[in-house]
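Close look at the chain arrangement
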Amino acid sequence: MAVKTGATAELRFDGVAIAKVRDVSVTFARDALETTGIGDLDRTYAYGIRGTTGSGTLLYDSADTATRAIINRLLTDTSNTNSISIVLDTSTTDGTLTGNALITQAGTSVSVGDLVSVPVSFTFTGKPTGTY
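Now for a look at the structure at hand. All of these numbers come straight from a predicted model, not from anything done at the bench.

**Concerning a nonpolar patch on the surface**
Together, Phe-28, Leu-88 and Tyr-132 make up a nonpolar patch on the protein surface, roughly 330 Å² of accessible area in all. Counting through the fold element by element, Leu-88 comes out in the loop between β5 (82–87) and β6 (96–106).

And the structure:
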């Protein structure tokens, strides 16, 4: 079994791979709903609604249209969602998570002598598809 590294991974925005990504993370969360009744001595819970969020740090490259598109997404007045894909291994179809997402945050960070980085955050709307 081979361990995967960032060299085999990709972040895609509307199906187009973003050229340079430093890190990407995805978080799945599910609410715990309390189901404790009157007279119970211990709390009980059931699964609630699931939510999926993610973030990444892009390295700005003005020639990369996908990088520019994800940054400019917050500056548009449309309410459309975009397709976001996180691919763990580009040589197989395993380890790919895709879904419609809202770009919820983007910014830039510039340091003297360092790369221009663009941290972005996104929230999936609905259930993402794929397997790990």
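What follows picks up the thread again.
**Quick notes on the nonpolar core**
Of all hydrophobic cores here, the largest spans 15 residues; its most connected members are Ile-18, Leu-58, Ile-70, Ile-84 and Phe-122. Secondary-structure elements contributing two or more residues to this core are β1 (10–13), α1 (65–72), β5, β6 and β7 (117–124). Apart from the residues within four sequence positions on either side, Ile-84 is in contact with Leu-11, Arg-12, Phe-13, Ile-70, Leu-97, Thr-98, Gly-99, Ala-101, Ile-103, Phe-122 and Phe-124.

**Quick look at the side chain of Thr-52**
Within the fold, Thr-52 resides in strand β4 (residues 45–59). Each residue touching Thr-52, except ones within four places of it in the same chain, is listed here: Val-26, Thr-27, Phe-28, Thr-123, Phe-124 and Pro-128.

**What about the side chain of Ser-117?**
Within the secondary structure layout, Ser-117 lies in strand β7. Residue Ser-117 is classed as buried on the basis of its relative accessible area, which comes to 8%. For Ser-117, the contacting residues outside a window of four places in its chain are Arg-22, Thr-57, Leu-58, Leu-59, Gly-107, Thr-108 and Ser-109.

Each value, and the rule that gives it
Residues numbered from 1 in each chain as written. Predicted model: local features only at pLDDT ≥ 70, side-chain atom pairs only at ≥ 80, totals over all residues. Heavy atoms only, no water. Patch = residues over 30% accessible without salt bridge, like charges linked within 9 Å, V, L, I, M, F, W, Y side chains within 5 Å. Areas by Shrake-Rupley, 256 points an atom, 1.4 Å probe, with all protein chains shown as cover. Salt bridge = Lys/Arg side-chain N within 4 Å of Asp/Glu carboxyl O. Helix = DSSP H or I, 4+ residues; strand = E, 2+ residues; numbered from the N terminus. Core = buried A, V, L, I, M, F, W, Y, C linked by side-chain atoms within 4.5 Å. Buried < 20%, exposed > 50% of the residue type's maximum accessible area, 1.4 Å probe, protein only. Contact = heavy atoms within 4.5 Å.

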